[in-house]
Amino acid sequence: MPKIKPFKGVRASKEIATHLISRSYQDYKRKELKSTLKYNPFSFLHILNPGYKFNHESTGNERFQLVRNRYLEFKEDQFLKGESVPSFYLYQCTENGHEYVGIIAAASTYDYNNNVIKKHENTLKVRETLFKEYLKTVGFNAEPVLITYPDQQDIDDIVSRIKQREPEYHFKTTDRNEHKVWIIDDAKDCDKIEQSFAALPHLYIADGHHRSASSYLLSQDLGNKHDSYNYFMSFLIPESQLQIFEFNRLVTDLNDLTKENFLMKLDQHFRIQNRGKEMYKPSKKHHFSMYLDGEFYSLYWRKQVMTIDSPLDDLDTQMLYDYLLQPILDIKDPRNDRRLSYNYGKDALLDMKEQVDNNEYAVGFGLFPATVEQIKKIADADLVMPPKSTYIKPKLPSGLLIYEFENE
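Only a predicted model underlies this, so the values are computations on that prediction, with no experimental measurement involved. (Residues numbered from 1 in each chain as written. Predicted model: local features only at pLDDT ≥ 70, side-chain atom pairs only at ≥ 80, totals over all residues. Heavy atoms only, no water.)

Side note on the overall build of the protein chain
Helix and strand content of the protein chain: 13 helices and 21 strands. At 23 Å, the protein chain has a C-alpha radius of gyration in line with the 22 Å of a compact globule built from 408 residues. With respect to the principal axes defined by its C-alpha atoms, the protein chain has extents near 70 × 50 × 40 Å. Across the 408 residues that make up the protein chain, the buried fraction comes to 53%. When contacts within the protein chain are restricted to residue pairs at least 6 apart in sequence, those whose partners lie at least 24 apart make up 77%. Taking the average location of the 55 positive side-chain charges in the protein chain and that of its 60 negative ones, the two points are 2 Å from each other. (Helix = DSSP H or I, 4+ residues; strand = E, 2+ residues; numbered from the N terminus. Rg over C-alpha atoms; globule rule 2.2 N^0.38 Å. Buried < 20%, exposed > 50% of the residue type's maximum accessible area, 1.4 Å probe, protein only. Contact = heavy atoms within 4.5 Å. Lys, Arg positive; Asp, Glu negative; His and termini not counted. Charge placed at Lys NZ, Arg CZ, Asp CG, Glu CD.)

This is the structure in structure tokens:
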């Protein structure tokens, strides 16, 4: 019985919203970041990179306090404005012809801790604690956790009805994405949304495990101070709308094996086909591509040696680790081993080829994306995926809507 509720969002002023919102801070190359900060005074990046004002690189608590200062300045200048009543927010983004529509709401840290909101990834304590301290100092969260749920007709009906209204925001950004936001502040609508989600047995985190964990830690520190600390901003989207992409793997060396010996070891578990210069991308589960020494290979898992005792055993990233990366290439820690790297994106396979050709890596592996059903089965079994098992869209912009913690 998940508990979600409306909240008093802080949102971008309508006239500058298209200039204010930003992608994730990590998405910007250095030149693009510098240019945006120089020529766009409205960008939310000024809050996320607060030392720019003083031409000063700051870290830790000093940076957190400067983020807080820039945020307050944006509110004082009316770039950001607070909502007067608790509201839900219907957000729609159209990206490359794919439409994402979901509800932005406050989700319960209690539900997260008690597995009503289910997880499929491990988190790092150091990152949890760091982001908790960040939230505690800055007093807001601008990055909603992406949460998914099985498609529900009653929720779809509410969404369809709300979309008949004129949106509060409707604009395009320079990446050609189209954004729309509807404010849902009618008490009956809000009650109906809360009841519809409460009827579900579980929700599932799609992206944002560290943000969820940090919010829970914050609730342990300050939840008695104000109830707003017991919730975190989430974007709830039906699972049919998620897009899941793969992360490919690249390894710097063959663990002192010759190419021939390496291929012979692979032959124990995979049917190997040399495809030469033909670029090969896996088209189904348990199929892999490999780029080695200027040639592509297809690797098909040998069914007669396949042992699947749990949902995790059926996951391609786990298979690759269990039968290739760990025993053959001696990758013991896929999260921290410097010999192993990851890439993703529409040109990921081509990028992988170029990096191997440039001798940055010895071999690369392309994977088929995981499915929502695989993610849910792993979460339901209280198991966790290997790192970088999924790249999930949508990725929400920062600054359009903000969850602010209250102190009174």
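Considering the side chain of His 210
Considering the arrangement of structural elements, one finds His 210 in helix H9 (residues 209-222). Polar contacts involving the side chain of His 210 include one to the main-chain amide nitrogen of Leu 124, which spans 2.9 Å. With residues up to four places along the chain from it excluded, the contact list for His 210 reads Asn 122, Thr 123, Leu 124, Arg 127 and Glu 128. (Polar contact = N/O pair within 3.5 Å; in protein donor to acceptor, adjacent residues only side chain to side chain.)

Quick word on the packing of aromatic side chains
For any pair of aromatic rings, the description rests on two quantities: the centre-to-centre distance and the angle between the ring planes. The tally for this structure, following the rule as stated, stands at 19 aromatic pairs. Here Tyr 291 and Phe 296 contribute two aromatic rings whose centre-to-centre distance is 4.6 Å and whose plane-to-plane angle is 50°, an arrangement assigned as tilted. According to the relative accessible area criterion, Tyr 291 is buried, its value standing at 2%. Looking at Phe 296, the relative accessible area reads 0%, which means it is buried. (Phe/Tyr/Trp six-rings, centres within 6.5 Å; stacked < 30°, edge-to-face > 60°.)

Concerning helix H2 (residues 30-39)
Turning to H2, its buried residues are Leu 33, Thr 36 and Leu 37. Here the buried residues of H2 occupy an arc of 95° about the axis, which is enough to place them on one side. Exposed residues pointing more than 90 degrees away from the buried face of H2 are listed as Lys 31, Lys 34, Lys 38 and Tyr 39. Buried residues along H2 sit in contact with helix H3 (45-48). (Arc of directions from axis to C-beta.)

Comments concerning empty space enclosed by the protein
Take a probe with the size of a water molecule and roll it over the atoms, and the empty space left behind shows itself. Tallied over the entire structure, the rule returns six cavities of 30 Å³ or more. Lys 285, Asp 314, Leu 315, Asp 316, Thr 317, Leu 367, Phe 368, Pro 369, Ala 370, Gln 374 and Ser 389 are the residues that line the largest cavity. Counted by class, the lining of the largest cavity contains five nonpolar, three polar and three charged residues. (1 Å grid on protein atoms, 1.4 Å probe; cavity = no way out; pocket = protein on both sides within 12 Å on 5 of 7 lines; lining within 4 Å. Points joined across faces, edges and corners; volume = space filled by probe spheres on them. Nonpolar A, V, L, I, M, F, W, Y, C, P; charged D, E, K, R; others polar.)

A few points about the environment of Ser 212
Checked against the element boundaries, Ser 212 lands in helix H9. Between the alpha carbons of Ser 212 and Phe 368 there is a distance of 27 Å; along the sequence they are 156 residues apart. Dropping the residues within four chain positions of it, Ser 212 is found in contact with Tyr 112, Val 145, Ile 205 and Phe 232.

Considerations on the confidence of the model for the protein chain
Summing up the model confidence of the protein chain, the mean pLDDT is 94 and the portion of residues at 70 or higher is 100%. Here H2 is the element of the protein chain with the lowest mean pLDDT, 90, and strand S19 (residues 363-366) is the one with the highest, 98. (pLDDT = per-residue confidence, 0-100.)

Remarks on unusual backbone geometry
In the segment running from Lys 393 into Pro 394, the intervening peptide bond is cis, with an omega of 20°. Following the sequence through the fold, Pro 394 ends up in the loop between strand S20 (391-393) and strand S21 (401-404). With a phi close to 70°, His 286 is a non-glycine residue in the positive phi region. Relative to the helices and strands, His 286 resides in the loop between strand S15 (270-276) and strand S16 (287-292). Of note in the backbone geometry, Lys 388 takes a positive phi value of approximately 55° without being a glycine.

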